[in-house]
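Topology and contacts: notes
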Amino acid sequence: MDDPQVKPQMSLGAKLQSVKRHVLYLTLFGVVSLSLILSHLFSIQVPSQPQEYTKEAYKLIRNLHEGDTIVIDTGATNASRGENGGQMEALLRMCMREKVKFVMYSYVEPQCIEVARAMIANINLERSKANPPEPAYKEWDDFVILGFFPDGATMLQTAAANIRDAWGNKKAKDPSGAERSVFESPVLQNIKKIEDIKVYVGISPTNIMATIVGRVGKRVPIISMIAGVMFPEQFNYYKSGQLAGLLNGLVGAVEMENLMQNGIDSQGVAGGKAEGPPIAAPFPGEINLSRGNSYYFAFCCAISLLMLTIVVGNVGMYLERKRKN
Amino acid sequence: MNLLAQLPTPTNFWMSPNGSTLLWIEIIGAFVLGFAAIFGLSYLPKNLRKPLIGIATFLGGLYFMLHYLWPTAQDYSKDQVPKGAVEGVSFWLQYSLPTVMNFNQVLSGLLLGLGIASLLRIHAERVAKRHPDWMYSLTLIVCMGLMAIFGLLDWASAIGPGQAKQVADHPGFVNFAYNFLFGGLFVNLDAVMYSMIAFFIYSAAYRSFRLRSIESAVLLGTAVLIMLSLMGGVMVGWDKVVDMLGGSGHGAVAEFMSNLRLGAIKDWVQNNMQSPSIRAIEFGLAVGVLAMSLRLWLGIEKGING
């Protein structure tokens with residue numbers, strides 16, 4: 001008679017189908033950590049093929065002129081730094097190199113502004129260490145921060161009707177420390193209507209585009225820098241021509257960094273060497289491949305592991321069915 | 001009709017100089033009056049409260065609906081006198097928008113404060129009644145209090161002329177404490193919370209992506225293709241193999257093989273399967289939102305007004 005205390009031995013198929021959760025978690029943790037360390041130690045760079053929507057975004061930002069003003073509507077926090085962090089850093093680097101002025105605010109979370117400030121400070125530090133050192137991007141002269149708007153929809157509707165009414169009561173400190181209207185700053189002094197803003201960039205892991213497109217769409221070219229999970233929803237806005245450019249999560253950040261490194265040639269090929277003036281020039285000799293590329297190898301390893309695990313589960317199911325039949 | 005636009009702005013009640021005692025008195029007065037109004041409303045009998053909420057909701061909705069639908073006056077100046085009632089309403093809608101915007105910002109800010117007050121009340125009760133998990137509630141209250149205190153002190157330390165630079169060069173204890181709490185703890189814990197999703201997705205994908213039927217095979221196949229297309233290295237390698245098989249040039253074989261490039265397959269899935277289905281869902285949602293908005297606006301929705 002069988003001993004009821006002795007558990008029947010599991011078949012290989014059953015074992016492959018029922019890997020314990022903590023084993024899965026540990027494997028993912030190990031693979032991502034190891035790949036991040038390896039990527040850092042050996043500067044591993046995974047190739048990428050920039051998509052049309054990323055190229056459109058790059059072309060638009062790269063071809064802005066010195067003194068142009070853009071809006072950065074941030075919903076990026078440290079929670080989404082893996083995706084929005086790389087996108088934001090790439091955008092800030094481009095603005096600073098092209099001397100494009102920017103206005104920043106958030107209506108997603110109050111902490112977004114603090115997170116963005118820290119990023120600006122980091123890039124300023126990076127610029128000060130460059131050889132030769134590059135001047136710091138200064139609040140008031142080069143950018144202004146409008147802070148947090150608890151109700152973004154009404155603010156955007158007002159800005160679309162009259163931008164000076166919408167932001168008129170916002171103040172910032174000039175270099176002497178005195179508080180003055182943001183419209184006296186070099187960033188906004190020439191802005192009379194929403195159409196004077198050259199590009200509106202929304203960076204967020206959430207769907208802020210529904211609010212933005214509905215209110216300032218058609219008036220200003222809009223670029224969406226979104227987390228990967230929201231990309232399919234945002235892609236509809238791009239397909240219907242309501243967005244001028246789009247970045248798809250971490251992959252979008254990597255593509256943008258690679259475009260900054262290689263540019264788009266006269267034939268529209270990313271990294272191409274065709275003769276003639278490039279459609280969007282690269283930034284040679286600068287720090288281009290940064291946060292996005294540093295995470296990309298780990299991202300690819302994590303996806304590979306995910307697919308491998310799915311295969312393991314299905315092989316287990318096949319073996320188990322075969323055994324039972 | 002141009003009511004709000006006719007207000008003499010320079011001597012407005014709310015235009016007291018920044019930082020003046022009068023402005024502080026006004027702020028405190030508005031704060032006290034606002035809270036008194038809220039408490040007053042909460043003590044109103046239900047049969048009075050319902051129509052009040054209904055009227056406020058209807059007027060709010062009407063304003064924004066008119067703003068979208070009413071003809072907008074083009075190229076007008078603030079001292080222009082409207083010609084007729086239609087233009088008068090149009091001017092009034094345009095001029096009053098900043099006031100409505102400011103009102104909405106204050107109201108939304110107040111809701112934020114109301115949320116904090118509610119959270120504090122619930123957790124303070126849990127601590128007072130020694131609820132089984134009261135330690136977590138205490139942790140929340142202490143953390144919230146510390147962050148608020150040091151956040152405000154840090155802000156106040158950099159408020160004067162030249163103070164911001166001084167604080168940046170020589171941070172004091174308050175600034176260090178705020179940096180430690182916000183930059184050191186909060187933002188990293190925030191990142192930890194979000195990154196935990198990866199583990200759940202990984203575990204769920206392992207358990208659910210099984211080839212049990214034709215439908216699941218289609219789903220799995222599509223998911224794998226999209227995942228592969230996210231890996232730049234795989235995409236480049238796949239396309240090189242396809243190009244090699246198709247041969248160089250623009251012949252029929254090469255043209256046919258170009259359809260098998262990973263990017264082309266991904267684009268086809270994205271353009272012909274993913275986008276239309278999401279668009280359909282979005283349309284359905286929008287119709288639902290419209291119906292719900294109408295119910296709220298007209299006071300038919302019982303959950304809010306009933």
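Below is a short write-up of the structure. Source: prediction; values computed, not measured.

Looking at a positive patch on the surface
Residue and element names in this part refer to chain B. A cluster of like positive charges, contributed by Lys46, Arg49, Lys50 and Lys302, occupies part of the molecular surface. It is helix 2 (residues 46-69) that provides the largest number of residues to the positive patch, a total of three residues. Counting through the fold element by element, Lys302 comes out in helix 11 (residues 302-305). Note on Lys302: relative accessible area 68%, which makes it exposed.

Details of the interface of chain A and chain B
Many analyses report the size of an interface as the accessible area lost when the parts associate. In this complex, chain A contributes 67 residues to the contact, which on the side of chain B involves 61 residues. The interface formed by chain A and chain B includes zero salt bridges. Sort the elements by how many residues they give to the side of chain A that touches chain B and helix 11 (residues 291-324) of chain A lands first, with 14 residues. By residue class, the composition of the side of chain A that touches chain B is 31 nonpolar, 23 polar and 13 charged.

Regarding the pattern of salt bridges
Pairs can form between side chains of opposite charge once their charged atoms are near each other. All told, the structure shown has 21 salt bridges over all chains when counted by the stated rule. Residue Lys59 of chain A pairs with Glu56 of chain A through a salt bridge whose shortest N-O separation is 3.1 Å. One end of the pair is Lys59 of chain A and the other is Glu56 of chain A, both in helix 3 (residues 52-62) and three residues apart, which spans about a single turn. What makes Lys59 of chain A partly exposed here is its relative accessible area of 22%. A salt bridge links Glu125 of chain B to Arg121 of chain B; the shortest N-O distance between them is 3.6 Å. Of this pair, Glu125 of chain B and Arg121 of chain B are both found in helix 3 (residues 84-128), four residues apart, which corresponds to roughly one turn of the helix. Assessed through its relative accessible area of 39%, Glu125 of chain B is described here as partly exposed. One continuous salt-bridge network, built from bridges that share partners, spans Glu89, Arg93, Glu126 and Arg291 of chain A.

Details of the nonpolar core
Counting 44 residues, the largest nonpolar core has Ile70 and Phe102 of chain A as the members making the most contacts within it. When residues in this core are grouped by element, the largest group, seven residues, is from helix 4 (residues 81-98) of chain A.

Definitions and limits used
One numbering rule holds for all chains: residues counted from 1, following each sequence as written. Here chains are named by letter from A upward and ligands by number from 1 upward, in the order in which they appear as written. Confidence filtering applies because this is a predicted model: local features only for residues at pLDDT of at least 70, side-chain atom pairs given and counted only at 80 or more, and all residues used for totals across whole chains, interfaces and linings. Processing note: side-chain calculations cover all non-hydrogen atoms of the structure and skip hydrogens and water entirely. Residues enter patches when their relative accessible area tops 30% and they take part in no salt bridge; the joining distance is 9 Å for like charges and 5 Å for the nonpolar side chains Val, Leu, Ile, Met, Phe, Trp and Tyr. Methods summary: accessible areas were calculated by the Shrake-Rupley approach with a probe of 1.4 Å, and residue burial reflects only the protein chains presented. Within this document, salt bridges are pairs made up of a side-chain nitrogen of Lys or Arg and a carboxyl oxygen of Asp or Glu, the two lying within 4 Å of each other. Note on charges: Lys and Arg go in the positive column, Asp and Glu in the negative column, and His and the chain ends are not counted at all. The location of each charge is read from NZ of Lys, CZ of Arg, CG of Asp or CD of Glu. Helix and strand definitions follow DSSP, with helices as H or I runs of at least four residues and strands as E runs of at least two, each counted in order from the N terminus. The cut-offs for exposure are 20% and 50% of the maximum accessible area for each residue type, with area from a 1.4 Å probe on protein chains only; residues under the lower value are buried, those over the upper are exposed, and the others partly exposed. Residue contacts follow a heavy-atom distance rule, with two residues in contact if any of their heavy atoms lie within 4.5 Å. Think of it as three bins: nonpolar holds Ala, Val, Leu, Ile, Met, Phe, Trp, Tyr, Cys and Pro, charged holds Asp, Glu, Lys and Arg, and polar takes everything else, Gly as well. By convention a nonpolar core is built from buried Ala, Val, Leu, Ile, Met, Phe, Trp, Tyr and Cys residues, the set being connected through side-chain atoms within 4.5 Å.

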